[in-house]
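# Chains, contacts and geometry: an overview
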Amino acid sequence: MRQLCAVQRQWQPCPGAAAAIPDGRECGHAIYATKRDRKVAWTFRKGREAVLPEPPPEAWATDATFRDSETLQDEVFAIVEWKEKEKIVVGHRSGLLYECPSNGQDLEEPELVGQVPGLCGLATSPDGEHMVVATGQGRLLQLNSEYEVLAEVELGEGFETTTVTITWRGDGKFLATNSSHGGSRAVRVWERDGLIHHSDAELDGSTEAALSWEPRGGLLAVAMEEGGAVQMLERNGLKRGELVLQQSQYTIRQLCWSPDSEILGALVEQNNTVGVETVPHETQAGLPAQQKFAVQLWHRCNHHWYLKWQESIHGTAQLLWDDVDSKTLHVFNRLEEGWTSTRFMWDDATVSNMGTTVTSDGSSILLNTFRKTVVPPPMCNMAILCSAPTTAVCASSFADQEYVAAVLSSRVLAIATSQACGDWSAPLADISNECQAGAMDGVIRAKEVALDLPQRSFVRQLVWQAPWQVLLLVDDFTTGTLCERFVSVEISWDEGEKIKAQVARNICLDEIFEFCGRAIARIASVVKGNSRVVLVSLVGKNSDAFASDCTSSVACFDGSHMQELSICRGRCYWLLPWMMDHDSSISFAARSVERELFLEGALIASNVRSFSCHFAGTKPTMLYVTDDNVLHSLRLVGSSGQGNATYEPMGQSSAETTNNTPVLGRNWQRRAVESGARLVAVPSSSPMVVLQMPRGNLEGIYPRSLVLAMVLSMLEEDRYSDAFTVVCRHRIDLNILVDYKWPFAQTKAGARTLVVSLADPQRLIELVHALKPGNVLQKDGVYAGTVEYESHAGPTDFGNEVSDEKINKVCVALRSVMVELDAPYYGLPILSTYFRSQPPLLGDALLHATSFNLLSSGSKEGHTTAPEADGLSSSESSTSTFTMMKHLLVYCEEESLYRAALALYNLELAAVVVSYAQAMDPGEKLPELQAFDDISPIEKQHAHVDLYLGRLSLAAKNFALAGDRPSFEKSLEIARQAPEEVFPVLLQQFPSNCVERSAEAGMLRIALGESLLGRGRAEEAAVAYISGGEVEQALHAYRTAGAWRMVLSLAGRLGWNTADVKSLALELAEELLIEAPKDAATILLEYVNDAQRGVEILASTGAWRDAIRAAYRYSRPDLVDTLLAPAAAASLVRALEEFREDRSRLEKYIARLRTLRQRRAAMAAALGTPGQDPVAEDENTEVISEVGTSIMSDYSAYTHRTAVSGATNGTTPLTSASAASCVGRRNRRNGKREKKKGRIRAGAPNEEFALLQHLKQCPMAPHMRESHGELAELLVLLGHEQDAKLLQTVLSNLVAFQDKLAENSILAMQEMEGSGVERTTEHPRAGKAKWKWALLRGDEESSDSVLLESSLKL
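Residues numbered from 1 in each chain as written. Predicted model: local features only at pLDDT ≥ 70, side-chain atom pairs only at ≥ 80, totals over all residues. Heavy atoms only, no water.

### Notes on the overall build of the chain
When helices and strands are counted, the chain shows 36 helices and 57 strands. Taking all 1354 residues of the chain together, the buried fraction comes to 53%. Relative to all contacts within the chain whose residues are 6 or more apart in sequence, the contacts with residues 24 or more apart total 53%. For the chain, the exposed surface amounts to about 59900 Å²; the carbon and sulfur share of it is 49%. (Helix = DSSP H or I, 4+ residues; strand = E, 2+ residues; numbered from the N terminus. Buried < 20%, exposed > 50% of the residue type's maximum accessible area, 1.4 Å probe, protein only. Contact = heavy atoms within 4.5 Å. Areas by Shrake-Rupley, 256 points an atom, 1.4 Å probe, with all protein chains shown as cover.)

### Quick look at the nonpolar core
In this structure, F1139 and L1287 are the most contacted members of the largest nonpolar core, which totals 77 residues. By residue number, the principal contributor to this core is helix 30 (residues 1118–1166), which donates 8 residues. Those residues within four positions of L1287 in sequence are excluded, and the remaining contacts are L1132, A1135, L1136, F1139, H1268, L1271 and A1272. With 71 residues, the next largest nonpolar core counts W742, A745, A900 and V914 among its residues. (Core = buried A, V, L, I, M, F, W, Y, C linked by side-chain atoms within 4.5 Å.)

### Thoughts on helix 22 (residues 998–1014)
Spanning 17 residues, helix 22 covers 24 Å between terminal C-alpha atoms, matching the ideal 24 Å at 1.5 Å per step. E1000, A1001, G1002, L1004, R1005, A1007, L1008, G1009, S1011 and L1012 are the residues of helix 22 that are buried. Against the buried residues of helix 22 lie helix 20 (965–977), helix 21 (979–989) and helix 23 (1018–1027). Where helix 22 ends, the next residue or the one after it, G1016, has phi of about 80°, a positive value. (Expected span 1.5 Å × (residues − 1).)

### Some remarks on the pattern of salt bridges
Per the counting criterion, the structure on display carries 50 salt bridges. Residue D200 pairs with R188 through a salt bridge whose shortest N-O separation is 3.4 Å. Separated by 12 residues along the polypeptide, D200 in strand 17 (residues 197–200) and R188 in strand 16 (residues 184–191) bring together distant segments of the chain. Residue class for R188 comes out buried when judged on its relative accessible area of 18%. We note a salt bridge from D722 to R719, for which the minimum N-O separation is 3.2 Å. For R719, a relative accessible area of 34% corresponds to the partly exposed category. Overlapping salt bridges, with partners in common, bring together R2, D260, E262 and K327 in one network. (Salt bridge = Lys/Arg side-chain N within 4 Å of Asp/Glu carboxyl O.)

### Brief notes about the sheet that holds strand 7 (residues 87–92)
Pairing is antiparallel across the open sheet formed by 4 strands, whose spatial order is 6-7-8-9. At either margin of the open sheet sits one strand with a lone partner, and together these are strand 6 (76–82) and strand 9 (111–115). The average angle at which neighbouring strand axes cross in this sheet is 25°, direction not considered. As judged from the 5 bridges shared by strand 7 and strand 8 (residues 96–101), these two strands associate in the antiparallel manner. The partner of G91 across the bridge, within strand 8, is L97. (Pairing = 2+ DSSP bridges. Axes fitted to C-alpha atoms, helices over the stretch in contact; angles between N-to-C directions.)

### Notes on the packing of helix 27 (residues 1077–1088) against helix 28 (residues 1091–1100)
Interhelical geometry of helix 27 versus helix 28 gives an angle of 165° and a closest axis separation of 8 Å. Regarding the angle of helix 27 to helix 28, the classification is roughly antiparallel. Of the two possible hands of crossing, helix 27 and helix 28 adopt the one that is left-handed. Counted together, P1077, K1078, A1081, L1084 and L1085 of helix 27 and A1091, R1093, G1094, I1097 and L1098 of helix 28 form the full contact between these two elements. Class assignment for the residues of the contact of helix 27 with helix 28 results in 7 nonpolar, 1 polar and 2 charged. (Parallel < 35°, antiparallel > 145°, perpendicular 65-115°, else oblique. Left-handed = near helix turned anticlockwise from the far one by under 90°. Nonpolar A, V, L, I, M, F, W, Y, C, P; charged D, E, K, R; others polar.)

### Observations concerning the packing of aromatic side chains
Within the structure shown, the criterion is met by 13 aromatic pairs. When the ring of W309 is compared with that of F344, the centres are 4.9 Å apart and the planes differ by 75°; the resulting orientation is edge-to-face. Remark: F344 occurs in strand 28 (residues 338–347) and W309 occurs in strand 25 (residues 304–314); sequence separation between them is 35 residues. Take W309 and F344: they sit in the same class, and that class is buried. A centroid spacing of 6.1 Å and a plane angle of 65° characterise the contact between W309 and F458, whose relative ring orientation is edge-to-face. Pair noted here: W309 is in strand 25 and F458 is in strand 38 (residues 457–466), with a separation of 149 residues, a long-range link. Here W309 falls in the buried class, since its relative accessible area comes to 2%. By the ring-pair criterion, three or more aromatic residues cluster together here, those being W309, F344 and F458. Above the ring of W574, the side-chain terminus of R591 is found at 4.2 Å from the ring centroid. Lying over the aromatic face of F1297, R1143 brings its terminal NZ or CZ to 4.6 Å of the ring centre. (Phe/Tyr/Trp six-rings, centres within 6.5 Å; stacked < 30°, edge-to-face > 60°. Lys NZ or Arg CZ within 6 Å of the ring centre and 35° of its normal.)

### Overview of the pairing of strand 26 (residues 317–321)
With 5 of its 5 residues buried, strand 26 lies for the most part within the structure. The alternating pattern of strand 26 places A317, L319 and W321 on one face and Q318 and L320 on the opposite face, and all of these are buried. Pairing geometry for strand 26 and strand 27 (residues 328–333), over 5 bridges, is antiparallel. Bridging across to strand 27, A317 finds its partner in N333.

### Here's the deal with the sheet that holds strand 56 (residues 689–692)
In spatial order, the strands read 55-56-57; together these 3 strands make up an open sheet with antiparallel pairing. Each end of this open sheet is capped by a strand with a single partner; those strands are strand 55 (678–681) and strand 57 (698–701). Strand after strand, the sheet turns through a mean of 40° between neighbouring axes, direction not considered.

### Some remarks on the confidence of the model for the chain
When pLDDT is averaged across the chain, the result is 77; 77% of the residues are at 70 or more. For residues 427–437, every residue scores under 50 in pLDDT, and the model assigns this stretch 17 contacts once sequence neighbours within four places are set aside. Throughout residues 1314–1331 the model reports pLDDT below 50, and contacts reaching past four residues in sequence, or to other chains, amount to 38 contacts. (pLDDT = per-residue confidence, 0-100.)

Here is the structure:
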């Protein structure tokens, strides 16, 4: 499918040249040696030439053949280059070897470096270290760069003094020779080291002198004498393949492989006029008057040799490939004494917008219509036969027809057109069967007309401008310099179906100001209105193709002036324009030699191997393959025509990672392709992309981007049937049919459109079964961004249908429409909507399945059967109960259907399920159903069914509705098994005002109370007892709950006497003394009148205000002096001692932290890891320096996965001694377990983190601070102000120290790597209120000094 296209042409005169080589410093120019005036000249440097000196008489060859022929002495035989020495060696036929510099700058006198007895062959190795010379005596010499003979061997017996062709393998390890011996030629392979004979070629006939070794070393091409064939040999001389020229009259004069081994160049000669231009010339230097030569370029793909290009030349020539640019061919014409350089580029395909590719193969043009089918090469759908091989070819489409034009090597324009709709089918032409073998649909002959062009001109490219007009890009060298011309040729047809060509316009681009100094690299045309506009890619004429600062200018040319659109970096030899339909602006994509892809001058991708465009819809899609073997898609949104194109980004979908590595499995805008694959064609009528693999075979793929665009276009037009076909064929999620334009599918109109469009019940079933929660087009959907990418007019607000509501809404909408249509063939789809609901409506599905026969029989009177479209016959449309039950059993579990039938209390339906189910044993299920049927009344039957199904609440309800006492007791028994589920149902069935069954209502509430009491919910049980009339049991329930107020209230309601109430109060006080001492004191004061004991309990809990209030409230002021004063003194001593212990404990923790950090710093220093000094030894270090940000260094030997909790239940070790316990026995056990869990183990990996966690929770609880404040207040009241001041001062300093320590601990934990601790502005127990009695602590300065003093001690 690849097409060889000429992109640049140069010509330089070489007057008197006998041999030439390419100049490595300037592509397109030559270094040549003359045969008349003995000069070596450089074409690109005016005045740079070296004159070869006359050889001394003793230097002439001793061989009589060369000594007696003065003509041969002066004739230049060959010129080669020492790349390693930057020297040129000129060899004369007489055997003289001259050397001169190859750069042409500092010219030196050419030096005679050696002489051999006659020169028959000369070649240097690829690495430039050795040179092999074939002498006239039949010997092969190997010389080094100092012209020392390294090896010398005989070419063979019977050597004849003729030209010896020498060719090296690309790696320089082997060389091959083709020499004449006894009337026949022999091909031999030699090893480089010592010229050891390696093998002889086994040929099928006599050969010509042409010989060339493929640079990669695989094939050795040998020209055969008869049949116009080239045999391919391996290194061992065995035949591997054969290239047969299309005309057997050719004689092959030279073979030359391109440096990349992709193209085989051949110089052929023919004595008749078939395929080669014949132009008379004057006889020169003994050459015939009419030599007919041609240059052919062959390319092998998929085991087939294609003749990609041919040009006729005059006289013998020499072919050479450029070493720098592997696609530049140099042709040295000895007759014209000129040097022609042609730069070629590979087009991945020449393709029309309708997806038809055009491939040149000699005089045949192969057509592949990919919109029909993918035909593997070298086969094709249609072949166009021309009279001569092609030089340039193009294809285009206008309306619904395709047009192909080609310029032949005989300067003939060939035209072929298709029928309507791009149909190339035509009767077979009258040609041989061999030409028809590869064409599947036939062969047609092209219409041809001769072109009237100057002799020294070359048609480089051509494009279609209109169905009657072709534009040619012609390189004209008539004046000796390059003049690029645009030649517009108008085509007309006469009555005899013959075509005529007339030159309508011939423009020399050098005469246009915008083209001055620039050359055209590529031309392309694009439709604009009723005509086509030409886009050109311009490059500098003398700029290097591989220069980093080279740029290309893309411009629009209308025939008179040029409008520059944008500038791209590099030489852009590939150009693809198109017209934007919405604003009629021209947009284009260009790819440079550096493999960079530009969109209107903006770089969008690098390392691009090939690119193309899909022109379906209003916005084309750019497709390109990169060197990492990924196919990318890019949708063009808009263009200004001035290089400001806008396009949808190649953004990553929700399934893609944020780095540059694409996740190809979920990304619908990218797709992995086979290594080395190239884009060939993208038909506009299909989402298919045709790729060609490196071995030549074709593969048609369907990128998700194109398929989704097609599906959305169909959905926008409500073509749901076509969209369903495409979705199923390409395995697209069927949810896209309902998710697009959501919530259209859940509306009645949308559901009707879906049902009517799909028509086939099987399609509806597949759609219903494919439904899933969420929206595939939403942000996190599998096709996220598709609507924005496609830019359709449909709504993009998809809602938030991420739950099962979407499935239910769509099922309800579809079911309502199908029921309304009332067609019998919708039975199975309706059934599917029932059991696909969430949760499945299996009961409704069963009822629908069993009742469908009645519905369908009634509907047959007014409705026909299912439509026969889509292969559904009328006999298949009628759905029976058997079919529907089988359908249910396929998608649902048999046991689930059986239980669903029982849930309807329909035993007959359950029996039907058993009869259809295959995995169920009727001998087991039918007796079970019979047992249910024997139970009466119906309420008990339902209750037993509910028990079987595990529906306890319904079972209890049905038992209660049976009406008899045993059934009611059975319901209570069930309620006790599942109280949370059953009791609420029974309470609704038996409200408190139920007069008919008031006894049962009371029993129910008493049973509820017993259940609640057994589950530890005593207060709720008491309420239930009261509702059931059992006040005594309610009193005991309240007493169990510790609700002493309700206990004493119910005792009064029951009419207890004073003594009994007092006794009850004493018992309650003893019970609450441990868990609620304040409540116990309140009971003693209010119900027992024991003021002394009540005040004592209040003082023991630290409620000093309540204690002194009670003493005066119950007229016992003596208790203040006798009880409260000693208790306050004891509490003061105990508090001060606890404060000292707490302070000492915190200092130990800080010291331990210092030790841990010092150890980590030492370990970091030992391992060579820099870190901060974890502990400051300065005496002025504050608390923040002790446990602040310097706790963590850059290196840590700990892991922080274990989080250590601090004190439990809001009580720290600092306050646990004075805090009363208020937890039950179980809570105390849990507290012990948590306390054990929160222990800090010395040496543990998490010890440092655990210490910080503990210090974070060290501040004193607020209620303890209030208790100590009340103690200070009492001390002042009792006249002990100094003691109160001491208490407040010590306490405030400790609290401030604890708060600061906790705050810095939090900061340190946040800096520890991986701690995961959230940053908080304050610690959990930070006090917010200021001290009410700050005057007892002194002024603020004294407080701060105390704090500083305490921190300095740390």
